[in-house]
Amino acid sequence: MQREWKEELIEAGGLLEDGALADYGDRRAEVQAAAHGTVWSALTHMAILRATGPDARAFLHGQVSNDIVNLGRANQLAAYCTAQGRMIALFWVVHRDDAFFLVLPAGLGALVQKRLTMYILRAQVKLAAAADWALIGLSGPDAPRALAAAGLSAATAPEAVTTDDITVMAIPGRAPRYLLMGPESAVRGLPSRLPQVTRVGARAWAWLDIQAGLPTIGPEISEAFVPQMTNLDLLGGINFRKGCYPGQEIVARTHYLGRLKQRMYLASLPADAPLPPPGATLQAPNLPGQPAGTVIDAQVGPDGTIDLLAVVQISSHDDGAVLWQGVPLTFRDLPYPLAASC
């Protein structure tokens, strides 16, 4: 994102946290708006990489967990893994204008760009940061109506529909949710075209991701999980019939031999509990002296309680006793069914 738009958002009351617009001064009100209304958020905590060239499709297909060869005008999740099957990053992939765009947390953008570039070799591919592009999120029951008022189409997952230089991507959520991506000059004008939509910061948007059971893999937990541990197989982010990619053997073995011992769960903590950071270790009585799980992300919800996603030992979850600094987690239902085994 260029400096001018970020400065505009700061002048409008936006508060920075690690370089991103975390909120606009009333985090509780913003998450309440996200929970009950229709909101938009400038996703300044996300980066966009652009892959171009005649070999871009084949190159990405050989690097990530999902099928890029048959990716049409759609968007999908894909993991980029180590040779040991651990997720370096998780991103949205969308095909537009003969280019492939990767949307991922800004903290991993430069790392992923550097690592992927190392393997381009003789392939005719150019991978660069789309620094002149921007991204906003739109969520809520009236989001399709707001898009229509702005002259944009409400895409249906996994569609990605482009109108007037703006690509609309439907993403998981308990209410309709969309990513809107395009050149910053076009994206900056969108909020004024979205009627009766409340502006919120990255914290409220992250809470919506938690409610959707959608993991965010940031630098704190990069290379911590095999994709299935974060339910990526249930979110359509793995194609088990495609060819090889880094870590494919481990991911496939986990799937076909059913050796998964951890899954991602949605849980909550009481309002007076300390907020666990990404990567925080959880404990359980059935695993004394051993970690029972790892927090992916945690945010304060509209009622003041802490909502979180965590990868937890299935045995500890089933025993019903998982703790963060001595405080028990209360497990809740994800918006999609959990498979009993991989």
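A quick note: this is a predicted structure, and the numbers were derived from the prediction, not measured.

Criteria and thresholds
- Residues numbered from 1 in each chain as written.
- Predicted model: local features only at pLDDT ≥ 70, side-chain atom pairs only at ≥ 80, totals over all residues.
- Heavy atoms only, no water.
- Core = buried A, V, L, I, M, F, W, Y, C linked by side-chain atoms within 4.5 Å.
- Buried < 20%, exposed > 50% of the residue type's maximum accessible area, 1.4 Å probe, protein only.
- Helix = DSSP H or I, 4+ residues; strand = E, 2+ residues; numbered from the N terminus.
- Contact = heavy atoms within 4.5 Å.
- Pairing = 2+ DSSP bridges.
- Axes fitted to C-alpha atoms, helices over the stretch in contact; angles between N-to-C directions.
- Disulfide = S-S within 2.5 Å.
- Salt bridge = Lys/Arg side-chain N within 4 Å of Asp/Glu carboxyl O.

Asker: I keep staring at the nonpolar core and nothing clicks. Help me out?
Answerer: Soluble globular proteins tend to pack their nonpolar side chains together in the buried interior. Within the largest apolar cluster, 50 residues are counted, with the highest numbers of intra-cluster contacts made by Ile48, Leu135, Leu179 and Met181. By residue number, the principal contributor to this core is helix H7 (residues 202-211), which donates 5 residues. In contact with Leu135, not counting residues within four places along its chain, are Ser41, Ala42, Leu43, Met46, Ile48, Val103, Met169, Leu179, Leu180, Met181 and Val187.

Asker: What should I look at first to understand the sheet that holds strand S3 (residues 39-42) in this one?
Answerer: Strand pairing in a sheet relies on backbone hydrogen bonds, with the paired strands running either antiparallel or parallel. Taking strand neighbours across the sheet as the criterion, the 6 strands line up as S10-S11-S12-S9-S3-S13 in an open arrangement whose pairing is mixed. Where the open sheet ends on each side, the last strands, each with one partner, are strand S10 (160-163) and strand S13 (198-200). Adjacent strand axes in the sheet meet at a mean angle of 25° when their direction is disregarded. For S3 and strand S9 (residues 133-139), the ladder comprises 4 bridges, and the chain directions are antiparallel. Bridge pairing links Ala42 to Ile136 in S9. The strands that H7 touches are S3, S9, strand S11 (166-171), strand S12 (177-183) and S13; relative to S12, the one it contacts most, it runs at about 130°.

Asker: Any chance you could explain the environment of Lys6 here in plain terms?
Answerer: Within the secondary structure, Lys6 sits in helix H1 (residues 3-11). Spatially, the C-alpha atoms of Lys6 and Trp205 are 17 Å apart, while their sequence positions differ by 199 residues.

Asker: I keep staring at the environment of Ala292 and nothing clicks. Help me out?
Answerer: Tracing the backbone through its elements, the reader meets Ala292 in the loop between strand S15 (281-282) and strand S16 (293-300). Residues Ala292 and Ala146, spaced 146 residues apart in sequence, show a C-alpha to C-alpha distance of 43 Å. With near-sequence residues (within four places) excluded, Ala292 lies in contact with Leu282, Gln283, Ala284, Leu287, Val311, Val312, Gln313 and Ser316.

Asker: Where do I start with the state of the cysteines in this structure?
Answerer: Each disulfide consists of a covalent bond between the sulfur atoms of two cysteine residues. Using the criterion set out here, one finds 0 disulfides in the structure. For Cys244, which is in no disulfide, the shortest distance to another cysteine sulfur is to Cys81 and amounts to 13 Å.

Asker: What's the story with the sheet that holds strand S20 (residues 330-332) in this structure? I'm lost.
Answerer: The strand order across the open sheet formed by 5 strands is S15-S16-S17-S14-S20, and the pairing between neighbours is antiparallel. Two strands close off the open sheet at either side, each with one partner strand: S15 and S20. The pairing of S16 with strand S17 (residues 306-313) spans 7 bridges and is antiparallel. Bridging across to S17, Gln299 finds its partner in Asp307. Taken strand by strand, H7 contacts strand S14 (262-269), S16, S17 and S20, and its axis lies near 130° from that of S16.

Asker: Quick question: what am I supposed to make of the pattern of salt bridges here?
Answerer: When charged atoms on two side chains of opposite charge get close, those side chains can pair. For the coordinates displayed, the defined rule picks out 14 salt bridges. Across the pair Arg188 and Glu184 runs a salt bridge, and its minimum N-O distance is 3.9 Å. Exposure remark for Arg188: the relative accessible area of 28% places this residue in the partly exposed category.

Asker: Hey, could you run me through the pairing of strand S6 (residues 87-96) in this one?
Answerer: Remark: a regular strand shows side chains that alternate across the two faces of the sheet. By the criterion of burial, S6 is predominantly enclosed, with 10 of the 10 residues buried. Bridge analysis of strand S5 (residues 75-81) against S6 gives 7 bridges, and the strand direction is antiparallel. Residue Asn75 lies in a different strand from S6, and its bridge partner there is Val94. The antiparallel hairpin formed by S5 and S6 contains 5 residues in its connecting segment, where Gly85 sits at a positive phi of about 80°. As paired elements, S6 and strand S7 (residues 99-105) share 5 bridges and run antiparallel to each other. Within S7, the residue paired with Val93 across the bridge is Leu102. Where S6 folds back onto S7 in an antiparallel hairpin, the turn is made up of 2 residues, including Asp97, whose phi is positive at roughly 55°.

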